[in-house]
Amino acid sequence: MAADDTIYSECTAAEPLLAPRPTLGSRLKRRWYRADRLGRAAIVLLALMMCAALAVRILVEVTGPRDRWPGPPATIPPGADDSPESDEERRLAVRAAMKHAWSGYRKYAFGKDELRPVSNGSNNKWGGWGVTLIDALDTLHIMELHAEFKEAVTHVTGVDFSKATDGYTTPFFEMVIRCLGGLLSAYEMSLDPRLLEKAQQVGDVLMPAFGTSTGIPYPRVDVNAGRAVPSDRVCIAEAGTVQLEYWKLSELTGDPSYHAAAQRVVDILDRAHKPYPGLYPIWVDIASGNLTSGQITFGGMGDSWYEYMLKQYIYSRRSTAQYRRMYEESIDAMTARMVQRSIYDENMYYVGDLDATATKFSPRFQHLTCFVPGMLALGSRVLDRPADLELAKQLTYTCFQMYNLTSTGLSPEYVQFRDSKDRGISPDEAEADFTTVALGAASSKEERDGFYLGPNRSYILRPETIESLMVLYRVTGDLKYKEWGWQIFRAIEAWTKTPAAYSAYRDVTSTAGRSQLTDSMESFFLAETLKYLYLLFSPADYYSLDEYVFNTEAHPFRIMRSPRP
Ligand SMILES: *[C@@H]1O[C@H](CO)[C@@H](O)[C@H](O)[C@H]1NC(C)=O
Ligand SMILES: *[C@@H]1O[C@H](CO)[C@@H](O)[C@H](O)[C@H]1NC(C)=O
Ligand SMILES: *[C@@H]1O[C@H](CO)[C@@H](O)[C@H](O)[C@H]1NC(C)=O
Ligand SMILES: *[C@@H]1O[C@H](CO)[C@@H](O)[C@H](O)[C@H]1NC(C)=O
């Protein structure tokens, strides 16, 4: 694509300029030998002038304003650019992005956990299983990158999952959703039995996590020693987002013990005392199964616990009344207690966090929480809850504005709303730490912003908003969700692309470009962000939501053929 060349000629300009091209040198040499004295003086003068111009150029490069990185304007007026219009062209552009990210990973980090996309280094921060490769398998398959898929599968079949980096303890939940989930869905797509074998090996080495007095899992496993790492507590998303994967493993292997271990956790948490019916504080005391602390969130540490209530109901062909009851109770409570509307922009709704011990509401909306509209839309269809779809549309609008209103068109980790006391909400003390940024053009600061940005303004290539756009498009058929997704994709291309892949970006309000790249690419960029973008521009029956349920890492699982194994 033309856009890439523009970025990287700018980004790498300093190096070729320092070493003049050989063609220019040889041309000057030829002239020198042919010229008379006056001619030679002219050549010297010309050379001096070129050196001076070069020096000025370098000086400007080094000291000048760093905002010349070409990126798109925050919004692209319709018809004002030559970007592809058809779904097929957009789909291919996303596929090209995947090819780009994959080839950088393949070249510099093949088999390692992550590529460092700026320095072209790599890391093994997840214990060395090759997490990016495993997480990317089904995306390669979905995008019909078959040679890449085949090569990656060959590699995976040689990985020994009973070992990890010396001294490393493996995070149970992360490796279940990324590795077990990734291998299971790659198996279902390819029916390559070696992938099921490897999935089972991952499932088995992580099973010691469940070896506690209550069965509530420990958060980490020492796979080298074959045992879990004792701990007092685990957060609810970690304990409650492994069920779909272990259930699928039971279905595919015929061994019910995986599902039984995972289901026991839900039964305990279902019975545990909660401050409000349906709302679960994030910390679980492993020895008692009690929910401690009062923090309740649909963002980090809580999020996918709620998501899996619905998704297990769908996966079981609607045969698990327990999950339906739990999901409906949670969504009713969330809607009643945690959803608010911006006092400055009546179109903006958000889901804040709760502190039940202090009965305090925090008007903070996390990017991670932007999976909620997709969940609500899916639930509205499966459970016939039309009001949930309305809320889903409202929340999707806010999630999109978190991108649309920054100068890069990328979203920060979270935004903070201001809320009024007269609606029974106490303003968050944390607000003192928040500064307003000029986001729009209206006259009054608050009217203009609608929300504030917190101290962490990074965009780490997260998928949640795109995931919701994909589901909202498929449920409503409204084309605006595709346009929003395309706008976000263009911002990702413009600001996060590196010569080797894509990198997290430090401050989404800064248009400084390259200096903002943090040299990190999480595996979920390949597993989720690019996959959901690709599916957004694919026909709705490609990996249809009627046939598949996506795990929380975007690995599609076939819905069970007959209810309950
Ligand atoms: C767990 O909760 C129950 C009832 O809410 C309480 O009686 C019990 O003491 C709690 N156990 C611990 C270890 O906190
Ligand atoms: C995106 O933001 C701009 C202001 O920067 C606004 O004019 C535009 O309407 C927004 N787009 C959408 C779809 O809301
Ligand atoms: C911002 O959040 C990201 C993602 O959670 C994290 O990796 C990063 O370290 C945070 N940055 C700061 C400055 O706190
Ligand atoms: C990283 O790799 C890309 C693609 O192979 C290359 O263009 C770029 O110059 C490399 N960057 C560094 C810092 O080596």
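In this text, all values refer to a predicted model and were calculated from it rather than measured experimentally. (Residues numbered from 1 in each chain as written. Chains lettered and ligands numbered in written order. Predicted model: local features only at pLDDT ≥ 70, side-chain atom pairs only at ≥ 80, totals over all residues. Heavy atoms only, no water.)

Peer 1: Help me out: how do you make sense of the overall build of the chain in this one?
Peer 2: Secondary structure summary: the chain contains 20 helices and 18 strands in total. Expressed as a percentage of the 565 residues in the chain, the buried residues total 56%. The long-range share in the chain, meaning contacts at least 24 apart out of those at least 6 apart in sequence, stands at 69%. Accessible surface computed for the chain: about 23100 Å², of which carbon and sulfur atoms make up 53%. (Helix = DSSP H or I, 4+ residues; strand = E, 2+ residues; numbered from the N terminus. Buried < 20%, exposed > 50% of the residue type's maximum accessible area, 1.4 Å probe, protein only. Contact = heavy atoms within 4.5 Å. Areas by Shrake-Rupley, 256 points an atom, 1.4 Å probe, with all protein chains shown as cover.)

Peer 1: When you look at the pattern of salt bridges in this model, what are you seeing that I'm missing?
Peer 2: Side-chain pairs of opposite charge can arise where the charged atoms are in close proximity. Taken as a whole, this structure holds 28 salt bridges when the rule is applied. In this structure, R91 and E88 form a salt bridge, with 3.6 Å as the shortest nitrogen-oxygen distance. Of this pair, R91 and E88 are both found in helix α5 (residues 87-109), three residues apart, which corresponds to roughly one turn of the helix. Residue R91 is classed as buried on the basis of its relative accessible area of 13%. In this structure, the salt-bridge partner of R90 is E483, at a minimum N-O distance of 3.2 Å. Of this pair, R90 sits in helix α5 while E483 is found in helix α19 (residues 480-496), placing the two residues 393 residues apart along the sequence. (Salt bridge = Lys/Arg side-chain N within 4 Å of Asp/Glu carboxyl O.)

Peer 1: Would you mind showing me how to read the UniProt feature "active site" (unreviewed entry) in the chain here?
Peer 2: Residues given the UniProt feature "active site" (unreviewed entry) here are E174, D303, E413 and E464. Residue placement: E413 occurs in the loop between α16 (386-404) and β15 (414-416). On the basis of relative accessible area, E413 is assigned to the buried category, the value being 17%. Sequence-distant contacts of E413, that is, excluding residues within four places in its chain, are made with Q366, H367, N456, S458, I460 and R462. Inspection of the secondary structure assignment puts E464 in helix α18 (residues 464-476). (UniProt positions renumbered as here; feature names shortened; annotations may be inferred.)

Peer 1: Just checking my understanding: could you explain unusual backbone geometry for this structure?
Peer 2: One can expect most non-glycine residues to show negative phi and most peptide bonds to be in trans. Positive phi, normally seen in glycine, also occurs at E144, with a value near 60°. Here E144 is to be found in the loop between α6 (131-142) and α7 (146-157). Relative accessible area serves as the criterion here: at 44%, E144 is assigned to the partly exposed category. Not every positive phi belongs to a glycine, and Y543 is a case in point at roughly 55°. Following the sequence through the fold, Y543 ends up in the loop between α20 (524-536) and β17 (548-550). Residue classification places Y543 among the buried positions, given a relative accessible area of 11%.

Peer 1: Help me understand helix α14 (residues 321-337) in this model?
Peer 2: Turn by turn, an α-helix covers 3.6 residues, leaving residues three or four places apart pointing in a common direction. With 17 residues, α14 should reach 24 Å at 1.5 Å per residue; the first-to-last C-alpha distance of 24 Å fits that figure. Buried residues of α14: Y323, M326, Y327, E328, S330, I331, A333 and M334, and no others. (Expected span 1.5 Å × (residues − 1).)

Peer 1: Hey, could you run me through the sheet that holds strand β5 (residues 227-229) in this one?
Peer 2: Where strands meet in a sheet, backbone hydrogen bonds hold them as pairs that are either parallel or antiparallel. A sheet is described by the order of its strands in space; here three strands give the open sequence β3-β4-β5, paired in antiparallel fashion. Pairing within the sheet leaves two strands with one partner each, and these edge strands are β3 (170-171) and β5. Pairing of β3 with strand β4 (residues 220-222) involves two bridges; the strand directions are antiparallel. Within β4, the residue paired with T170 across the bridge is V221. (Pairing = 2+ DSSP bridges.)

Peer 1: Explanation requested: the state of the cysteines in the structure shown.
Peer 2: The final tally for this structure, using the stated rule, is one disulfide. One disulfide in the model links C370 with C399; its S-S distance is 2.1 Å. Sign of the S-S torsion, about -100° for the bond between C370 and C399, identifies this disulfide as left-handed. Taken together, the residues span a long stretch of sequence, with C370 in the loop between β14 (364-366) and α15 (372-383) and C399 in helix α16 at a distance of 29 residues. For the pair formed by C370 and C399, the shared burial category is buried. (Disulfide = S-S within 2.5 Å.)

Peer 1: Looking at this structure, how should I read the sheet that holds strand β7 (residues 283-285)?
Peer 2: The sheet built from three strands is open, its strands ordered β6-β7-β8 with antiparallel pairing. Each of the sheet's edge strands pairs with one partner strand only, and the pair in question is β6 (233-235) and β8 (291-292). Judged from the three bridges that link them, β6 and β7 form a sheet pairing that is antiparallel. Across the sheet, V234 pairs through a bridge with V284, a residue of β7.

Peer 1: What is the right way to read the packing of aromatic side chains from this model?
Peer 2: Here a ring pair, both rings aromatic, is described through the centre-centre distance and the interplanar angle of the planes. Inspection of every chain in the model, using the stated rule, returns 26 aromatic pairs. With a centroid separation of 6.5 Å and an interplanar angle of 85°, the aromatic rings of W102 and F110 are classed as edge-to-face. Among the residues examined, W102 registers a relative accessible area of 2% and is labelled buried. Ring centres 5.1 Å apart and planes at 90° place the aromatic pair W129 and F161 in the edge-to-face group. Of the two residues, W129 is situated in the loop between β2 (121-123) and α6 and F161 in the loop between α7 and β3; the sequence distance between them amounts to 32 residues. Each member of the pair, W129 as well as F161, carries the same accessibility label: buried. Sitting over the ring of Y168, R220 keeps its end group 5.9 Å from the ring centre. (Phe/Tyr/Trp six-rings, centres within 6.5 Å; stacked < 30°, edge-to-face > 60°. Lys NZ or Arg CZ within 6 Å of the ring centre and 35° of its normal.)

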